[in-house]
Amino acid sequence: MQKLPLVFILSAVVPSWACTAAVVPFHDGLVIARSLEWGWWFTHDPEKIFFHPKGHTDDGADTGEPSNYGMVCITTNSIDGKVPGLQNIATLDGINEEGLTVSTNVHHSAEYQTKTSASNNIGHHQVAKHLLAQYSTVKEAIDYLKGVRVYRGLSEKAPGSHWLVADSNGDAVTIEFIDGELKVYNNNNVGVLTNDPSFDWHLGYVDQFAGYSVKTIPNAPNKTSCGQFSKSMSTSGGDDEEWPACKAYTDEDPEDQRKNVEVNTPKSTSSGMETRLLPGSYTPADRFVRTFLIKETVMQEDSLKPKTLDQALVVGTGLLNNVHIVRGSVGNAHRGVAFSEYTAWAVLKVPKYEEHGPYFYYRTYENMQWNKIDLKQLKEMGAFRAGAAKINPIPFPSLDRFNEDSKWGSFDAGVKDTTPQCCSPGETANGSRTLLFASIDGGQPQDCVDCVDHGDDDDDN
């Protein structure tokens, strides 16, 4: 069978691909939250989590040089084996044992440099893996990129990328290539990266929402202030005393055409009014603004600002939930719902801080339970030492065959079951089989239920 050229393959299968990344600072550390959305035509099975020890020579740049650091990364896999040319071609996200993290986000408008005959060239699809394999800080990564030429790898039709790079020193930057020139932006303050257009364009777009604040609830129209809604319902549309703008009339009583009825003007009677300025679409621009404004609102309130790792993980999870795409809600105008984007997976990364980490948390579309990989523990076990035995990669489940995958099970996989259980022999629930986790007659709360049949009790609730 004749093999299709890689250029043709990539032009045929370039997916819809959206990504959102956010930096959540806390005392002495960072959490990097990131989601990835795909829109594949085949069954979704494109990624695996790979474990690479120190000293491996597949560092992404094809230099043959042994890597300096062990790492955990998510790398594209073949699509059900139907496109062998896409096997392990690009690292989409990862973290190394020193806490350097890289998130690869699609950036279609990226313009890279021209490849030369010299040896200091690297394809854009190889950048993330190489940085994770060879460097431990943001500064080292930038210095490397300043000394090489980054060209569009694979083919001219391959989607471009830009990167959010962070480290255990607390530094975070966005790296892009615009008009063939390396651009590096500090991303500690804004702390967000999505997709097109360029990062500086998104910063300008955020300025359009300068009036957003959850501390100021917008004034809704009322009976005395009269908003546009009530004016449009008025018979005069003006402030005439006989026909007030906040009044309307009916023709139910022909003898009194000036019988007034009050118009139901909107009132701020429920929570959430202050968030109406938040853009709600899944476009890169709206995801950027929405993520930034929600995150910044939390950071500006000292009582809510994350101070511990747990608090930062909660905020990161909330930001990811806010951009989560349900399959079928975002379609492909040219290819239909089969190509609709959805949030295939998300990660939380914690660079090394104090004596903790690095940590790598991940979850998938069908299993929203966070799973944790402790890189410090792997290092202490010797899993990252040069020559360490290979660790089998963790495959993400095929969406259409999810329930058939015994490794993942179903949505319940990994969920902690907190259903109250029957008391063991010798235990007691104070004679109650209806008060779960509650006390009776002032006694101590119980953690089990007396399942002994005490007969019918119509008063039980």
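Engineer: What is the right way to read unusual backbone geometry from this model?
Structural biologist: Peptide bonds are trans in most cases, and residues, glycine excluded, mostly fall at negative phi. Omega for the bond connecting Asp196 with Pro197 falls within 30 degrees of zero, at -5°, which places this linkage in the cis form. Take Pro197: it is sitting in the loop between β12 (192-193) and α4 (199-206). A cis amide bond, omega 0°, links Gly357 with the succeeding residue Pro358. Backbone geometry at Asp28 places phi at a positive 70°, although glycine is not the residue there. Topologically, Asp28 is positioned in the loop between β1 (16-26) and β2 (29-39).

Engineer: Hey, could you run me through helix α2 (residues 127-134) in this one?
Structural biologist: Each α-helix turn comprises 3.6 residues. Residues three or four places apart therefore point the same way. Extensive coverage of α2 is indicated by the burial of eight of its eight residues. Val127, Ala128, Lys129, His130, Leu131, Leu132, Ala133 and Gln134 are the residues of α2 that are buried.

Engineer: Would you explain the sheet that holds strand β5 (residues 91-96) in this entry?
Structural biologist: In a beta sheet, neighbouring strands are held together by backbone hydrogen bonds and run either parallel or antiparallel to one another. Taken together, the eight strands give an open sheet; going across it, the order is β11-β10-β9-β6-β5-β4-β3-β19, and neighbouring strands pair in antiparallel fashion. Edge positions in the open sheet fall to β11 (181-186) and β19 (394-395), since each of these has one partner strand only. Of the pairings in the sheet, the one linking β5 to strand β6 (residues 101-106) comprises three bridges and is antiparallel in character. Pairing of Ile95 across the sheet is with Thr101, part of β6.

Engineer: I'm lost on the pattern of salt bridges in this one. Help?
Structural biologist: Proximity of charged atoms lets side chains of opposite charge pair with each other. Evaluation of the coordinates by the stated rule reveals seven salt bridges. The partner of Glu97 in a salt bridge is Lys379, with the nearest N and O atoms 3.3 Å apart. Residue Glu97 is found in the loop between β5 and β6, and its partner Lys379 is found in helix α8 (residues 375-381); the two are separated by 282 residues along the sequence. In this structure, Glu98 and Lys379 form a salt bridge, with 3.5 Å as the shortest nitrogen-oxygen distance.

The rules behind these values
Residues numbered from 1 in each chain as written. Predicted model: local features only at pLDDT ≥ 70, side-chain atom pairs only at ≥ 80, totals over all residues. Heavy atoms only, no water. Helix = DSSP H or I, 4+ residues; strand = E, 2+ residues; numbered from the N terminus. Buried < 20%, exposed > 50% of the residue type's maximum accessible area, 1.4 Å probe, protein only. Pairing = 2+ DSSP bridges. Salt bridge = Lys/Arg side-chain N within 4 Å of Asp/Glu carboxyl O.

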